[in-house]
Amino acid sequence: MAAGGTDCGLGRCCPSVSFRLCRDISPYSYISSIGLYIDCSAFLDLQVILMLTKLFDFNLNSVTESSLWRSTDYGATYQKLNDKVGAKTILSYLYVSPNNKRKIMLLTDPEVESSLLISSDEGATYQKYRLNFYILSLLFHPEQEDWILAYSHDQKLYSSVEFGRRWQVVHERVRSGYSEALYVTCKLQNCTDANKGKPFPGYIDPNSLVVQDEYVFVQVSTAGRPIYYVSAKRDVFTPMKLPKYTLPKNLHVISTDENRVVAAVQEWNQNETYNLYVSDTSGVYYTLALENVVSSMGPEGNVMVDLYEVAGIKGMFLANRKTDNQVKTYITYNRGRDWRLLQAPGKDLRANSIHCELPYCSLHLHLHVSANPYTSGNIASRESAPGIIVASGSIGSELTTSNCQRVYHLGCRNTWRQIFNEEYAVLYLDQGGALVAIRHTPLPIRHLWLSFDEGRQWNKYSFTSSPLFVDGVLGEPGEETLIMTIFGHVSHRSEWQLVKIDFRSIFNRRCTEADYQTWHLHNQGEPCLMGVKRIYRKLKPTSRCVMGKTYSVSMTSGPCECTEADFECDYGYERRTNGKCTPAFWFHPSSMSRSCTMGMTFLNSTGYRKVVSNNCTAGVSMEYTARRQQCPIQAPRGLHLVTSEGTLTATLGTNVTFLVFLEEGDGARTSITLDFGDGHAVTYSNVSSIEDGIKHIYKTVGIYRVTATGENSLGSETTMLYLHVTCQLEYIHLSAPFVAVRNKEVNLTAVLWPSQVGTVTYIWWIGNNTEPVITLEGSVSCTFPREGISTVTVQVSVGNSILQDRKSIAVHEYFRSHLLAFSSNLDDHNPDVAEWRLDVSRVIRNSLIQATGVREDQLLVTVLPGLPTAAEFFLLPDKQLTEGKPDKSSLSEVLLGALNQNLVQFTLRPGVQVTVYAAHLSAAPLVDTSENHSGSAMLMLLSVVVVGLAVFVIYKFKRLLSLSLCLTVNLSSRKIPGLNVYAQMQNEKEQEMMSPANPTEAPSSSQRDLVHSLEILDTEFNSRPIGEYPLLLTLTFGLHFNLLFLHCLCHSIEHCFMRLILCSFFVSQR
């Protein structure tokens, strides 16, 4: 090999020619926080190579420069193309059309500009196109070279049929992170909303869509359990039928080639392992192939299952299985029908015998494939080199993970041989005619090994004069040629170097037919695999020639007669220890005819099915193949009713789609009746007529029992579900008193809008309680044991939405209160929102303080909801008094005097002056919660009697009263019926807005609470002498559309007055 140097001027990515190394002459000096790396490279044909390099600044955490390089001589020399793409353009990605390698696409860095550059001449020239969106990822069509899909930063999907020159929006809101998603399809040339289809009738789980070959997979979670659906050849979706009690937690599609699905399923009792299942051609019915296959987490958080499909030989897989806490490697030649351990080599590298007997000792392999295209994984095989597998592993009772990994090779004789004692990266050249090995080591190296006889002998070569830390190998198109490129660095602080290695000078001729031999594939001497005998043409170990790109793998095959080994267990059947397939305990063989229609035929399973892609003929085929029989007449069985979304909730006024499935029975002759539970029902003559579902709109909120009944001449079956129909909760209001008395019960009410929204859960956070109170009713009662400000929060949960409201309650030992009224101009400016009421309450309070001189800590004001505008002020105890008794200086008279003299006013806005008045009578007129009884009690009670008698005549002519006080005095031991005295408490206009109360209505729970409080008061008077003439006091209060009737039995006039005070206080709390 020649050695020397040449000035290539490439910068850090500097190539060399035929083992010749180019030293870096980059103008950039190396800084520890800046690194230049190869982002991607592309081999367009046997001579053209494109390479994109970037300069990354770790301080700025961004790419600051990029360079595009092009070689037309296998990488011997490179030309810098920055002037053709724009000197200041920063490139981010390089794409090559998979169907036409002459077409190149470059994406610019979206943080600088959003553009793409297109080349149709292998990267020699480019045209730049501006974009109005940022491309996050691209997907090329597997057959049409100009068809591309692009996903943008704003979650939109674009399509192009002109290789990126023009784009159109396919769909918006294409993103993950949502609880629901839709599977949408359309034709690329005419993708409009009218032409979009929804092959799956309902929502699917986000990130669950998998499109692979002829199959489409989606997942729908119902009641916390995933249900998987499959569509074969873009047909209707069908639930995937795994064995009944598989109960999968997770499912990954491994392979879909040869019209068969291989799926890895993590079942309910598995954590680190998966079970392998294989399907029939429809992808619907699955049977177990191998249990407890090892899995691991990939670098990006993805699940990696230790299953490897051998390239070049159909039906051949390797898998690592966990058995008795030991990981062992198994191999199958017939797509998972049979598995066996790997026979270890008989000798090591030094020709010493290896004593390893199955099943106690075997060969175990690491099956991880590298995600980095520039580095080698633990195992490798190629389509162009069938039968050659190179992998690292160990010999013993289980797979070890020690650093000292030996490399083994499966050759033409179907036996494994050890080729290295340490771990090496092995690359295929000349379509497997030559193997190149580079040692995996953190140390610098300058040698590689080359073999021309499938690894039996290795020749050592030096590829550089100075040891090089190898970072990766550019193998393409080395699989078809004898050229490869190694890149690395001389030291940890040096620039990168590229070394081009050309092995063509070793060979002096091309291979002829005399250089090839035949190779019979077999499994432990059995030549029939997958129903055929396969014979391959391979290069002789002694031939030193070049096969070249024109070489193609040739194989001849001969059919074999079918044996039991060509059949696997059918769905619902399990293989016993004697090798026979018998029904599982949960499976009823007759259920396989569930889709039958009378007069037609179905395939009656024998418990076996031929392995997919197995080409055996005759033999035991008739015995094991399913037999076609006439469909039996069956009563409907296994009727299922679900919603298309898989949920039990629906929104009022929207379409609900019900899906009905029948497992057994003549679907064509089974009528289906669906009762929606709201008085409407529909009947269909057969199941097939409702494949797209049954739609219905509910017009009222509620819980509905939806019933489906299937019926034919042999019987019927019924199933049902309970559907919760809800509407959107717009807002809530927490109704609570502004002030409360310590240790006195307070009612809290949550008011909803709209009032009927469906099933509602109320969550109450009261005071400093760390645990909430959860109720299904919108009201609760509570007490506050300490004075101060207490906060009450209520959360209302309806469906998937939760709203909340919060109120602060001032808690005191006692207080006095009075209603306030306003000049009528305030109503014109009242929007009736909580924020406005808070602001006006503050203004009124300041006006009262300014007019009366009352201290701030003794006065609270709250504006009440609704119109006309009303408010209430609360006079609080004087905290500066030492004995904690009420202030005998009547502050209330001061406040009422200021209000009656129109001294309390405020300006709402320029030109709007509002006057505050004292209402004629509040719900709790000057309530005093202290236990001191004034001597004026008698006088007040007599005044009430006089006013009541005066109004009695008026009542005969006017019955419209909104707030009245009725006092009936029984002057004898008998009750005098009909003697009621009413006092008019509000103006006539307000009375006409109210309906008269019905005194016969049953008392509410709040009334009962008041009666209980009165009973306590009665106890305090039990020790007093009872008057000769007991009094019957009847109170009727109407406040804010809530009417309360109280009948108080008084034993004395003072007693009646105290009960009146307590009743009034209770209503003030309402």
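Residues numbered from 1 in each chain as written. Predicted model: local features only at pLDDT ≥ 70, side-chain atom pairs only at ≥ 80, totals over all residues. Heavy atoms only, no water.

Looking up the protein chain in an unreviewed UniProt entry gives the name Sortilin related VPS10 domain containing receptor 1, with the organism given as Sparus aurata. Per UniProt, the protein chain has the following entry under Sequence similarities (unreviewed entry): "Belongs to the VPS10-related sortilin family. SORCS subfamily." Among the UniProt annotations of the protein chain, the heading Subcellular location (unreviewed entry) holds the following wording: "Membrane". (UniProt positions renumbered as here; feature names shortened; annotations may be inferred.)

Thoughts on the overall build of the protein chain
Looking only at helices and strands, the protein chain has eight helices and 71 strands in total. Classification of the 1070 residues of the protein chain by burial places 47% in the buried group. For the protein chain, the share of sequence-separated contacts (at least 6 apart) that also reach a separation of at least 24 residues comes to 52%. If you sum the accessible surface of the protein chain, you get close to 53900 Å²; carbon and sulfur atoms cover 51% of it. (Helix = DSSP H or I, 4+ residues; strand = E, 2+ residues; numbered from the N terminus. Buried < 20%, exposed > 50% of the residue type's maximum accessible area, 1.4 Å probe, protein only. Contact = heavy atoms within 4.5 Å. Areas by Shrake-Rupley, 256 points an atom, 1.4 Å probe, with all protein chains shown as cover.)

Digging into the environment of Asp-839
Inspection of the secondary structure assignment puts Asp-839 in helix α3 (residues 834-852). Distance from Asp-839 to Thr-862, taken between C-alpha atoms, is 9.7 Å for residues 23 residues apart in sequence.

Considerations on α3
An ideal rise of 1.5 Å per residue puts 27 Å on 19 residues; α3 measures up with 27 Å between its terminal C-alpha atoms. Listing the buried residues of α3 in full gives Trp-836, Arg-837, Val-840, Ser-841, Ile-844, Ser-847, Leu-848, Ile-849 and Thr-852. Where α3 is buried, its residues contact β56 (731-735), β64 (816-822), β65 (859-864), β66 (870-875), α4 (891-900) and β67 (905-909). (Expected span 1.5 Å × (residues − 1).)

Focus: unusual backbone geometry
Of note, the bond from Trp-753 into Pro-754 is cis; its omega dihedral lies within 30 degrees of zero at -5 degrees. Within the element layout of this structure, Pro-754 appears in the loop between β58 (746-753) and β59 (761-766). Note the cis peptide between Leu-867 and Pro-868, where omega equals -5 degrees. Structurally, the position occupied by Pro-868 is in the loop between β65 and β66. Positioned with a positive phi, Arg-335 is a non-glycine residue whose angle comes to about 55 degrees.

A look at the pairing of strand β19 (residues 273-279)
Regular strands have side chains that alternate between both faces of the sheet. Where burial is concerned, most of β19 is hidden: seven out of the seven residues are buried. Side chains of β19 alternate between two faces, with Thr-273, Asn-275, Tyr-277 and Ser-279 and Tyr-274, Leu-276 and Val-278 buried alike. Note that strand β18 (residues 262-267) and β19 share four bridges and pair antiparallel. Of the residues in β19, the one forming a bridge with Val-265 is Asn-275. Hairpin remark: β18 followed by β19, antiparallel, with five residues in the connecting loop. (Pairing = 2+ DSSP bridges.)

Here's the deal with the pattern of salt bridges
Between side chains of opposite charge, a pair can form when the charged atoms approach closely. Scanning the entire structure with this criterion turns up 26 salt bridges. Residues Glu-454 and Lys-538 are paired through a salt bridge, measuring 3.2 Å at the closest nitrogen-oxygen approach. Of this pair, Glu-454 sits in the loop between β33 (447-451) and β34 (459-462) while Lys-538 sits in strand β40 (residues 532-539), placing them 84 residues apart in sequence. Of the two residues examined, Glu-454 and Lys-538, each falls in the buried class. (Salt bridge = Lys/Arg side-chain N within 4 Å of Asp/Glu carboxyl O.)

A closer look at the sheet that holds strand β11 (residues 157-160)
Overall, antiparallel pairing links the four strands, which are arranged β9-β10-β11-β12 in an open sheet. Only two strands of the sheet have a single partner each, and these edge strands are β9 (135-140) and β12 (168-171). For this sheet, the mean angle separating the axes of adjacent strands, direction not counted, is 30 degrees. As judged from the three bridges shared by β11 and β12, these two strands associate in the antiparallel manner. Paired with Ser-159 across the bridge in β12 is Gln-168. (Axes fitted to C-alpha atoms, helices over the stretch in contact; angles between N-to-C directions.)

Side note on the sheet that holds strand β15 (residues 225-232)
Spatially, β13-β14-β15-β16 is the arrangement adopted by the four strands of the open sheet, whose pairing is antiparallel. The two strands at the open ends of the sheet, each matched to only one other strand, are β13 (210-212) and β16 (238-239). Direction of pairing for β13 relative to strand β14 (residues 215-222): antiparallel, over a ladder of three bridges. In the strand pairing of β14, Val-210 is matched with Phe-217.

Topic: the state of the cysteines
The tally for this structure, following the rule as stated, stands at five disulfides. Linked covalently through their sulfurs, Cys-356 and Cys-361 form a disulfide whose S-S length is 1.9 Å. A torsion of -105 degrees about the S-S bond marks the disulfide between Cys-356 and Cys-361 as left-handed. Assessed through its relative accessible area of 9%, Cys-356 is described here as buried. By relative accessible area, Cys-361 is classed as buried at 15%. (Disulfide = S-S within 2.5 Å.)

Focus on the confidence of the model for the protein chain
Looking at the protein chain, the pLDDT average stands at 77 and 76% of residues meet or exceed 70. Note on residues 1-39: pLDDT under 50 across the span, and 121 contacts to partners over four residues away in sequence or across chains. The low-confidence segment residues 951-1070, where pLDDT is below 50, has 183 contacts with residues more than four positions distant or belonging to other chains. (pLDDT = per-residue confidence, 0-100.)

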